[in-house]
Amino acid sequence: MNVQLKKGILELIVLVAVREKDMYGYELVAEVSKVVDVNEGTIYPLLKRLTNEKYFETYLRESTEGPPRKYYHLTASGILYMEELRGEWTELQDGVNSFLKEHGYE
């Protein structure tokens with residue numbers, strides 16, 4: 001997948017994934033990878049930025065497999081931002097699909 005295209009939709013995918021349940025970084029990488037091929041080097045800077053922008057809160061939870069894990073929780077402003085991105089994605093998707101249909105691609 002085109003890197004710029006992937007970058008543009010990655011925020012929405014991450015926000016939606018965490019909306020369903022709080023997740024730690026590696027778990028989130030695995031979940032997002034079901035849709036888009038990503039690695040930790042892509043997800044962790046995004047999580048840091050979204051946390052700095054107050055879309056996520058973090059907390060530590062003990063793990064049976066090592067040190068405590070940092071979990072990400074979607075905030076109220078994160079939900080609003082996610083809905084804004086979802087609307088933009090839908091609008092873009094509809095516009096592109098309409099354009100393709102007008103030009104013989106269905």
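Residues numbered from 1 in each chain as written. Predicted model: local features only at pLDDT ≥ 70, side-chain atom pairs only at ≥ 80, totals over all residues. Heavy atoms only, no water.

(A) Structural context of the pattern of salt bridges. The final tally for this structure, using the stated rule, is six salt bridges. K34 is the salt-bridge partner of E31, the closest N and O atoms lying 3.0 Å from each other. In this structure K34 comes out as exposed when scored by relative accessible area, which is 66%. In this structure, E65 engages R69 in a salt bridge whose closest nitrogen and oxygen atoms are separated by 3.1 Å. Here the salt bridges do not stand alone but share partners, grouping E11, R49 and E53 into one network. (Salt bridge = Lys/Arg side-chain N within 4 Å of Asp/Glu carboxyl O. Buried < 20%, exposed > 50% of the residue type's maximum accessible area, 1.4 Å probe, protein only.)

(B) Quick peek at unusual backbone geometry. Of note, K54 is a non-glycine position whose phi angle comes to about 70 degrees, a positive value. As for its placement among the helices and strands, K54 is situated in the loop between α3 (40-52) and β2 (56-63). (Helix = DSSP H or I, 4+ residues; strand = E, 2+ residues; numbered from the N terminus.)

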